[in-house]
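Chain by chain, the residues:
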Amino acid sequence: MSDAPAIGDTRRAAPRTLLVIGIGAGDPRHMTVAAIEALNSADVVLIPHKGPQKDDLAELRRAICRRFLTNPATRLVGFDLPVRDAAAPYRAAVDRWHDDIAACWQTVIGREAAPGARIALLVWGDPSLYDSTLRIVARLVAGGMGLETVVVPGITAIQALTAAHGIALNTIGGAVVITTGRRLRAEGFPPAADTAVVMLDAGMAFEGLDPDGFDIWWGAYLGTGDEILIAGPLGAVTERIRTARAAARAAKGWIMDTCLIRRRGAGDRSGPV
Ligand SMILES: C[S@@+](CC[C@H](N)C(=O)[O-])C[C@H]1O[C@@H](n2cnc3c(N)ncnc32)[C@H](O)[C@@H]1O
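From a predicted model like this one, the values you see are computed outputs, not experimental measurements.

What to know about the overall build of the protein
When you go through the protein residue by residue, the secondary structure sums to 7 helices and 10 strands. Expected size for 273 residues packed as a compact globule is a radius of gyration near 19 Å; at 21 Å, the protein falls within 12% of this value. Each of the 273 residues in the protein was classed as buried or not, and the buried ones make up 31%. Taking contacts inside the protein between residues at least 6 apart in sequence as the whole, the part at least 24 apart equals 69%.

Below is the structure:
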């Protein structure tokens, strides 16, 4: 289905507005004033269901709406998000998955929001960081759906991590690389950086690094009541992280963790270890 007028048709459907709202990394109080205003300006808020293991995340979105939504005309609409094919090669699988999500959004938006309506998507953390919402929106626009996009920034897991540990993200004048567990495991510590922030890590990719060469600041479920923080010299705290991580994952069924790793002796320590 496309909102694009047929060839020769000079009428134009009023574009819908898509509000891509960063909601922060787990603490409802991460919602900014701009995010609350955008939420309340929406006709429809789309709430994705990502399967039973991620129900907590859908619930956080609903909790945010219960807490901050005061506009009685705004409707919440739940929908099932397509699942990525975990067996297929990563890049191809992600590409296909984004096509499937774009098609799914197009159906839900076409069904639930009239031309000219305002639709909100609540994005974990900030929409610019390891999140594909904006790439998927670009597919919808390229496919002819009339959409004006408004992005509202949010507090990222990186800011939640550095604040929780009371540390600076960078050393003085030092470079920071934001990377994934997959890349850290495959490529080692980024050679040009003092500091690496590791996200999307299904395991503990830092285990491959020299235990005497780095300090680590690790956090799981940041900003939530289940937050766990561990920091110290890599070799000294790896086992503690392993134990805490396994126990938390067993108890909740899923884990979201982020860590900041810094070369030992990289200028300053930028905070307590
Ligand atoms: C798909 S990315 C989303 C990042 C998000 N857009 C942001 O701005 O933080 C998911 C990754 O973010 C990190 N993450 C997000 N929320 C977190 C939290 N509350 N605690 C720890 N890590 C978190 C984890 O590394 C997780 O694998």
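After presenting the structure, the write-up continues.
Quick look at the domain arrangement of the protein
Domain assignment breaks the protein into domain 1 (16-155) and domain 2 (158-263). Computed from C-alpha coordinates alone, the two centres of domain 1 and domain 2 are separated by 27 Å.

Things to note about the nonpolar core
A general tendency of soluble globular proteins is for nonpolar side chains to be buried together. Counting residues in each nonpolar core, the largest one holds 59 residues, and the members touching the most others are Leu19, Ile21, Ile119, Ala120, Val198 and Phe206. With 5 residues, strand β4 (residues 118-123) is the single largest residue contributor to this core. Of the residues that make up this core, three or more belong to each of domain 1 (16-155) and domain 2 (158-263). In this structure, Ala120 is in contact with Leu19, Ile21, Ala38, Leu39, Ala42, Val45 and Leu46, ignoring residues within four places of it in sequence.

Re the site of the ligand
As a matter of local geometry, the ligand sits amid 21 residues, with Gly125, Thr156, Ala157, Met199 and Leu222 nearest to it. Secondary-structure elements contributing two or more residues to the shell around the ligand are α5 (157-165), β8 (214-220) and β10 (257-263). Counted by class, the shell around the ligand contains 12 nonpolar, 6 polar and 3 charged residues. When residues of the shell around the ligand are assigned to domains, at least three map to each of domain 1 (16-155) and domain 2 (158-263).

Overview of the pairing of β10
Strand residues, when the strand is regular, have side chains that alternate between the two faces of the sheet. The buried fraction of β10 is high, at 6 of 7 residues. Relative to β10, strand β7 (residues 195-199) is paired through 4 bridges, and the arrangement is antiparallel. Bridge pairing in β10 places Val198 opposite Cys259.

Thoughts on the sheet that holds β7
The 5 strands are arranged β6-β7-β10-β8-β9 in an open sheet whose pairing can be described as mixed. The sheet is open, and its two edges are formed by β6 (176-180) and β9 (228-233), each paired on a single side. Strand-to-strand twist across the sheet, computed as the mean angle between neighbouring axes with direction ignored, equals 15°. Across 6 bridges, β8 lies against β9 in antiparallel orientation. For Ile216, the partnering residue across the bridge sits in β9 and is Gly232. Its contacts with the sheet put helix α7 (residues 234-252) on β8, β9 and β10, and the angle it makes with β9 is roughly 160°.

A few points about the environment of Val177
For Val177, the location among the structural elements is in strand β6. With 17 C-beta atoms counted inside 10 Å, the residue Val177 sits in the partly exposed group. Sequence-wise, Val177 and Ala192 are 15 residues apart; in three dimensions their C-alpha atoms are separated by 8.5 Å. Beyond its immediate stretch of four places on either side in the chain, Val177 contacts Pro190, Ala193 and Ala196.

Comments concerning the sheet that holds strand β2 (residues 44-49)
Strands sit in the order β3-β2-β4-β1-β5 across an open sheet of 5 strands; the sheet is parallel. Whereas interior strands pair on both sides, the edge strands pair on one side only; in this sheet they are β3 (75-80) and β5 (147-152). Averaged over neighbouring strand pairs, the angle between their axes works out to 25° when direction is ignored. Examined bridge by bridge, β2 and β4 share 3 bridges and lie parallel to one another. Considered in β4, the bridge of Leu46 is made with Leu121. Where helix α1 (residues 33-40) meets the sheet, its contacts fall on β1 (16-22), β2, β4 and β5, and the angle it forms with β1 comes to roughly 145°.

Cut-off values and rules
Residues numbered from 1 in each chain as written. Predicted model: local features only at pLDDT ≥ 70, side-chain atom pairs only at ≥ 80, totals over all residues. Helix = DSSP H or I, 4+ residues; strand = E, 2+ residues; numbered from the N terminus. Rg over C-alpha atoms; globule rule 2.2 N^0.38 Å. Buried ≥ 20, exposed ≤ 12 C-beta atoms within 10 Å, placed from the backbone. Contact = placed C-beta atoms within 7 Å. Domains from an automatic or database assignment. Core = buried A, V, L, I, M, F, W, Y, C linked by C-beta atoms within 7 Å. Near = placed C-beta within 6 Å. Nonpolar A, V, L, I, M, F, W, Y, C, P; charged D, E, K, R; others polar. Pairing = 2+ DSSP bridges. Axes fitted to C-alpha atoms, helices over the stretch in contact; angles between N-to-C directions.

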